[in-house]
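Chain by chain, the residues:
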There are 2 protein chains.
Amino acid sequence: MGLRSCHVGVGDVSKRILLGRKLRSSQLGETLLPKRIALPVFASDALSSVAYAPDEVFLMLSIAGFSTYAWSWKIGLAVALVMLTVVTSYRQTVHAYPSGGGDYEVATVNLGRSAGMTVASALIVDYVLTVAVSISSGAQYAASAIGPLRGHEATVATVMVIFLAAMNLRGVRESGAFFAVPTYAFMAAILGMCGFGLLRALSGNLPDSESADLMIIPQEGWEDPLTTVGLVLLLARAFSSGCAALTGVEAISNGVPAFKRPKSRNAATTLLLLGVIAITMMLSVITLAHQMGLKYVDPHELDRLRTAGGQALPADYDQHPVISQIASGVFDGFSPGFYFVVTVTGVILVLAANTAFNGFPVLGSILAQDGLAPRALGSRGDRLAYSNGIVFLAVLSIVLIQVFDAQTTRLIQLYIVGVFVSFNLSQLGMIRHWTRNLKTTHDPAVRRRMMRSRAINTFGLGMTAVVLVIVLVTKFLAGAWITILAMVTFFLIMKGINRHYENVNLELAADESDKLLPTRVHAMVLVSKLHKPTLRALAFAKAARPNILEGVYVGTDQQSTDRLLDEWDERRIDVPLKVLHSPYREVIRPIVDYATEIRNANPRGVVAVYIPEYVVGRWWEQLLHNQTALRLKGRLLFTPGVMVISVPYQLRSSQVAKERTARDQTRTRAGDLRSGRVADPESQQQVTWNRQD
Amino acid sequence: MGLRSCHVGVGDVSKRILLGRKLRSSQLGETLLPKRIALPVFASDALSSVAYAPDEVFLMLSIAGFSTYAWSWKIGLAVALVMLTVVTSYRQTVHAYPSGGGDYEVATVNLGRSAGMTVASALIVDYVLTVAVSISSGAQYAASAIGPLRGHEATVATVMVIFLAAMNLRGVRESGAFFAVPTYAFMAAILGMCGFGLLRALSGNLPDSESADLMIIPQEGWEDPLTTVGLVLLLARAFSSGCAALTGVEAISNGVPAFKRPKSRNAATTLLLLGVIAITMMLSVITLAHQMGLKYVDPHELDRLRTAGGQALPADYDQHPVISQIASGVFDGFSPGFYFVVTVTGVILVLAANTAFNGFPVLGSILAQDGLAPRALGSRGDRLAYSNGIVFLAVLSIVLIQVFDAQTTRLIQLYIVGVFVSFNLSQLGMIRHWTRNLKTTHDPAVRRRMMRSRAINTFGLGMTAVVLVIVLVTKFLAGAWITILAMVTFFLIMKGINRHYENVNLELAADESDKLLPTRVHAMVLVSKLHKPTLRALAFAKAARPNILEGVYVGTDQQSTDRLLDEWDERRIDVPLKVLHSPYREVIRPIVDYATEIRNANPRGVVAVYIPEYVVGRWWEQLLHNQTALRLKGRLLFTPGVMVISVPYQLRSSQVAKERTARDQTRTRAGDLRSGRVADPESQQQVTWNRQD
């Protein structure tokens, strides 16, 4: 019997456990996502940006007045071009890295740890901003449909974030329908609205939008005629804001394992589909808005909107988002149409924010496995770590919402930097990937495919690099510096954590001296009273047959000491009892000192300290018990050659906590669906059955 | 060798430890307090009330205008009479209960647990109010001396509480001089000032106070002539406010063990001395203030103060406390005199607040020993519990200061109820005490003494009961209801805690079945990596020679699992390794399930789970390590028949924490002095030497 065979020949007990697991594994296939479900699961983030990206384009162009609106569809085309490039590039990634590591994996594997950490920092910042931007935009749509909410957008947004966080903390059981219904409804609403509008345009009776009759005063210094430099700068700003449409496109590359086989091919197809739909929606909205004569300015500068006569608008004039204005125009007189469009837009924005709550714990887990985040985040089922991540995300995004008063326009300035940093590093990594693979590949057909892929990624890199530069130039002072500062901070934290783990690993590396066996075990059972927990600890300690076994009692007054000694005799406990005198009611120090003395007297022996512990179920009971034991344990662990043995005694109330844990375990976590981890009620049953068996 | 002899014949090791302790014990005698030091140590609380009690008397009388000020010295005499009665009663307590348990012990022993808990609730409330009232009054004195602080009394008071709490959290080394210098200075200042003032009065050149020229408008409905009922009610209110002078008198009864022998007699003498000094100071201040024509109204109703011509005072007029007004009058032109009086008054008020910070942890410890507070509070040296007590006290008193805007007058309304509740229960308890003792005593001389003591306590009860009724009637709606509500709350919490501990005791009471020994030990060492901590855990586990020993590894992916198995073979570790597969990266559940299965397969055996733990020194390192181990331990403890063994591996950084702990232990705690626990530098040395030996 070698060691290896013991591993292979698992015993009866563990076989039964493995059976439970195996069942779960085999059922997994059924929960993998077909394309028609995968599309909505991964699309909400990318598609939802059509709710705010066109607004930002019009808003930027408005700086120089209405005349520049003629450029709007060209800017839309430019954004669409970038989007197509990025989609094509990610199709390469999906094939080359089907494990779901996404940009982080590509950057780490091909460009090294620092590049990986940069991508990770960008992702963290992006998750926070996805929540802040989506929810802020959602709050604006809510306010455009529900009058009384106007002016309270930041509060509405904050409440929505708290609600989302609470839902995720509780655990939401996601299903395909959970995503499919609202996402397809959103597509239908936007494409239907645009189709209907374009039909009306072709038939010549497209109504004007509510802002068509207004005129825009250019910002000071941007009056007609624009210089060429001015125009270029303006278009660059509008373009970089429009690129907000690209956020979320990379989501599929993180979710390949959740797809049905052939996973990579299905993921790539879904990605292309997603790109095409997003482009169609964005271009339709921009075109239709322009056709309807829509005007849109920075909500901070509403006074730049005037009536056709040049007079100021009433003070309570409210500028609605672009899709709201189109909907109320296209469906003139038919308010259900308007409310349907605005409602599903709001829902899709909330769903987009929810993807961040789904993705964040997964990212934390990946970072933890690579030693860049606290290791506890790496194990699934660690409820506390999972909760911390959700709270972290909620708090940061609420801070952003409050600081920027839930104004999408101002948050957008922070948003796109991080996305394009990951795009660039990912493309660069893919180029390296193909170059390296080309060195070892000789099959001409394969080489040709690789060369083509590399060309695509090179083109992608060029494109995204240009966009990144444009974004940096046009947005740095407007807020992108905050993003970069945050990224640097997260980067340094990860680096610090990684360095710490590496130092610890060096310090812990085993050498030959570690095989020395202690010569003997001196066991002591801490006694506070002679009750069931103490007797159990004594019994367990005896069963372990140490070389020396004694009870240890810290006597703080003579009366209690005498009482205990009498009881000890009465019960005929055949273990000697040592009393440590402590006139000042110190408990911890005498025990630590005593254990240290024993260890020092016999440096090759081990001191085993048995601590009877009560196990209680309610938080306030915890405060009433075990506090001293806990602190004592903390102190003993600093003493070399001491091991601390907790002997639990389960009080009846511990059942409460046990049931709570069981409930906790059967609860799904947000993000399970997109990681291909859908809890199957039957397999859960199986596991429970095993545990009670 | 019986069990008892093992206790008597302590081993070499523990002898050396006991030696250290013994040295400390024998040196204790030297730190006991002679009367001249004990007086200032225990007097600050009681004496400091002369800084606000006279103000309250004048303020209450002012309701009906200046004419009622003629009653002021009679009210002073009435308060003095109550004070003398209470002092005489406590002299009985000091003789009968020299252990320092004070009112709580008297009530519990003689009247039962509920009475004791009532006293304890009253004490908790009083500690909070001592801090709030003393510091608020101190802030008023500070504002009377330092102009710019005026109007910011609540902030000044809050900062002072935070400062006091911080000092006490850090640990202050108290000495006799720490108390003696300011307390004697305060006595000298007040008595000197009053003596000087009375001398000037005798010689006919006593100056008027700054408010002598003002006139007081009576409150509406209280204009002259008063009805008899009105006058009685007014005097009752003034009297009950004046009784604030009695707070703190009981302190000595809690500190008898700190006195030099004969402890009780010295304590009784000191108590009498304290009473005489307090009465002298209070009567002097009241008399002198009245002689100097002082006017004092509720700071909320400053508009009731008018110039002699009946005109309103300037808006920025500031009414100074009584002692300030006397000092600036008596020392006219000699400002050092004024500043000395005001400064020492401020200092004594802070010192009085500090006594609450000293007494509160001691009370917590006593309550914990009696099962009325979390048990952890009962062991000295439990830094966390101690700190929690101080923070609790600081937070509650800051809340009061902020809610009542640091206005002594309003806080006083809450103050005196609690004190008189304890006084009453304590007197009642003493009467029971003597009655019971009389039943078993036959020596006529002793019986006479007891009868006399009982008569004194009976008179005391009558007196304090009347005062309690007066206080309740006059102050209930003014704020005393808050105190009573708080007392009821604390009472119920203590009752709940007590009931919980009693239920647990019932559940834990040992019976014969608890002596059964487990038949065998199945040990598993949890392996995450093959590093020093794991090897140490394996070595310790082997040394304990369990019936079965295996390593257990949770495999989350094949690659890491294979790597570990290879390393296991390479290092030739002669312990079998079991791999539990966990495709979803769960770590805790597979282990808990496995342990449960083993236990269920052999219900009479014990499962010993060895967990290698890193010991690190810094708080953020704690976040990076052991989180999973901690939670795993938490889960395993709910499984019957499992014991959890922490095998610590001390990383280099653990030294940081060890040094921190050592620093912590040599630090004194506030209240050490009055408990007779003064840390002697030499004996500390001794203990340290023992520990490193």
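The following refers to the structure shown. Note that this is a predicted model, so its numbers are computed, not measured.

Details of the environment of Ala120(B)
Residue and element names in this part refer to chain B.
Consideration 1: Looking at where alanine 120 falls in the secondary structure, it is placed in helix α7 (residues 113-145).
Consideration 2: Note: C-alpha distance between alanine 120 and leucine 363 (243 residues apart in sequence) is 8.0 Å.
Consideration 3: When residues no more than four places from it in sequence are discounted, the contact partners of alanine 120 are Tyr104, Leu363, Leu367 and Met494.

Structural notes on the sheet that holds strand β6 (residues 606-615) of chain A
Consideration 1: A sheet is described by the order of its strands in space; here 10 strands give the open sequence β5(A)-β4(A)-β3(A)-β6(A)-β7(A)-β7(B)-β6(B)-β3(B)-β4(B)-β5(B), paired in mixed fashion. The sheet terminates laterally at β5 (577-581) of chain A together with β5 (577-581) of chain B, the two strands that pair on one side only. Adjacent strand axes in the sheet meet at a mean angle of 30° when their direction is disregarded.
Consideration 2: Relative to strand β4 (residues 548-555) of chain B, strand β3 (residues 521-527) of chain B is paired through six bridges, and the arrangement is parallel. Within β4(B), the position partnered with Val527(B) by the bridge is Tyr553(B).
Consideration 3: Here helix α21 (residues 627-636) of chain B sits on the sheet in contact with β3, β6 (606-615) and β7 (642-650) of chain B, set at roughly 160° to β6(B).

Focus: the pattern of salt bridges
All names here are of chain B.
Consideration 1: By the definition in use, this model includes 12 salt bridges over all chains.
Consideration 2: Note that aspartate 318 and arginine 150 form a salt bridge whose closest N and O atoms lie 3.4 Å from each other. Of this pair, aspartate 318 sits in the loop between β2 (305-306) and α12 (322-330) while arginine 150 sits in the loop between α7 and α8 (153-170), and the two are 168 residues apart along the sequence.
Consideration 3: Overall, aspartate 318 belongs to the partly exposed group, its relative accessible area being 25%.
Consideration 4: Lysine 542 serves as the salt-bridge partner of aspartate 574, at 2.7 Å between the closest nitrogen and oxygen. You can see aspartate 574 sitting in the loop between α18 (558-570) and β5 and its partner lysine 542 sitting in helix α17 (residues 532-543), a full 32 residues away along the chain.

Points about the environment of Ser211(B)
All names here are of chain B.
Consideration 1: Among the structural elements, serine 211 can be located in the loop between α9 (176-202) and β1 (215-216).
Consideration 2: For serine 211, a relative accessible area of 0% gives the class buried.
Consideration 3: In this structure, the C-alpha to C-alpha distance between serine 211 and valine 527, residues 316 residues apart in sequence, is 81 Å.
Consideration 4: Not counting residues up to four positions away in its chain, the partners in contact with serine 211 are Gly293, Leu294, Lys295, Tyr317 and Gln325.

As for the packing of aromatic side chains
Consideration 1: One pass over the structure, following the stated rule, counts 20 aromatic pairs over all chains.
Consideration 2: Note on Phe58(A) and Tyr69(A): the rings are 5.1 Å apart at their centroids and 50° apart in plane angle, and the pair reads as tilted. Here the residue Phe58(A) occupies a position in helix α4 (residues 53-61), and Tyr69(A) occupies one in the loop between α4 and α5 (72-96), the gap between them amounting to 11 residues.
Consideration 3: Classification of Phe58(A) as buried rests on a relative accessible area of 0%.
Consideration 4: A residue is classified by how much of its surface remains accessible, and Tyr69(A), at 0% relative accessible area, is buried.
Consideration 5: Between Phe360(B) and Phe392(B), the ring centres sit 5.6 Å apart and the planes meet at 15°, which makes this aromatic pair stacked. With Phe360(B) in helix α13 (residues 335-369) and Phe392(B) in helix α14 (residues 383-403), this pair connects stretches of sequence that are 32 residues apart.
Consideration 6: Accessibility expressed as a relative area gives 11% for Phe360(B), which makes it buried.
Consideration 7: Put simply, the rings of Tyr127(A), Phe360(A), Phe392(A) and Phe490(A) pair up and form one aromatic cluster.

The rules behind each value
Residues numbered from 1 in each chain as written. Chains lettered and ligands numbered in written order. Predicted model: local features only at pLDDT ≥ 70, side-chain atom pairs only at ≥ 80, totals over all residues. Heavy atoms only, no water. Helix = DSSP H or I, 4+ residues; strand = E, 2+ residues; numbered from the N terminus. Contact = heavy atoms within 4.5 Å. Pairing = 2+ DSSP bridges. Axes fitted to C-alpha atoms, helices over the stretch in contact; angles between N-to-C directions. Salt bridge = Lys/Arg side-chain N within 4 Å of Asp/Glu carboxyl O. Buried < 20%, exposed > 50% of the residue type's maximum accessible area, 1.4 Å probe, protein only. Phe/Tyr/Trp six-rings, centres within 6.5 Å; stacked < 30°, edge-to-face > 60°.

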